[in-house]
Amino acid sequence: MSISRIALPFVLAFACAAAHAQYVWLDEKGNKQFSDKPPPISVPKNKIIKAPNMSGKPAPAADAAPASAAADDASKLTKPVTTASKNEDYNKRKAEQAEKDKKAEDEKQSAAAKAKNCERARTYQQNLESGARVANVDKNGERNFMDDTQRNQELADVKKTLADCK
């Protein structure tokens, strides 16, 4: 009996030492997590509240092995930046910029063509409204003058076209 009474404090001391080697960190939701194993790699260092080696003491060898293995896995996941990858990114950005420039130039040309067509329609409308004789050339090359119904029809078509110009 006396041996069990003497052994009991030592067992409790070892249990306290094991409890002392605990990790505490905040997860992505802000909840505290407790574990005897290191937190996942995805947890940033500023979210780790307590670790066995935070006091500046070196970590035990058993804890260092999983941490180094986890660091190796992380380095495999992120490839180093090479000249080829930089060149690939540059070429991609250059192609995107060229596409944007081409699209902007096409829009500019389209807007210029629309403005030119609107100006022609305004001039044609003025000619129709002036009352001067307006002639068209048919497919045989003969000149035909418009009568009032044709003039009114053309004037209505021109007004529809000018409605898109404003």
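The next subject is the overall build of the protein. Looking only at helices and strands, the protein has four helices and five strands in total. For the protein, restricting intrachain contacts to residue pairs at least 6 apart in sequence, the fraction spanning at least 24 positions comes to 39%. By element, 56% of the accessible surface of the protein is carried by carbon and sulfur atoms, the whole surface being about 14000 Å².

Let us look at a negative patch on the surface. On the surface, a cluster of negative charge is contributed by Asp101, Glu105, Asp106 and Glu107. Within the fold, glutamate 107 resides in helix H3 (residues 83-130).

Here we take up the packing of aromatic side chains. For the structure shown, the criterion picks out zero aromatic pairs. Lying across the ring of phenylalanine 145, arginine 133 places its NZ or CZ 3.9 Å from the centre.

Take the sheet that holds strand E2 (residues 32-35) next. Hydrogen bonds between backbone atoms are what pair the strands of a sheet, whose relative direction is either parallel or antiparallel. Reading across the sheet, the three strands line up as E2-E1-E3 and stay open at both edges, with antiparallel pairing between neighbours. The open sheet has two edge strands, E2 and strand E3 (48-50), and neither has a second partner. Direction aside, the axes of adjacent strands within the sheet are offset by 30° on average. Where strand E1 (residues 23-26) lies against E2, four bridges are found, and the strand directions are antiparallel. If you follow tyrosine 23 over to E2, its bridge partner there is serine 35.

Thresholds applied
Residues numbered from 1 in each chain as written. Predicted model: local features only at pLDDT ≥ 70, side-chain atom pairs only at ≥ 80, totals over all residues. Heavy atoms only, no water. Helix = DSSP H or I, 4+ residues; strand = E, 2+ residues; numbered from the N terminus. Contact = heavy atoms within 4.5 Å. Areas by Shrake-Rupley, 256 points an atom, 1.4 Å probe, with all protein chains shown as cover. Patch = residues over 30% accessible without salt bridge, like charges linked within 9 Å, V, L, I, M, F, W, Y side chains within 5 Å. Salt bridge = Lys/Arg side-chain N within 4 Å of Asp/Glu carboxyl O. Lys, Arg positive; Asp, Glu negative; His and termini not counted. Charge placed at Lys NZ, Arg CZ, Asp CG, Glu CD. Phe/Tyr/Trp six-rings, centres within 6.5 Å; stacked < 30°, edge-to-face > 60°. Lys NZ or Arg CZ within 6 Å of the ring centre and 35° of its normal. Pairing = 2+ DSSP bridges. Axes fitted to C-alpha atoms, helices over the stretch in contact; angles between N-to-C directions.

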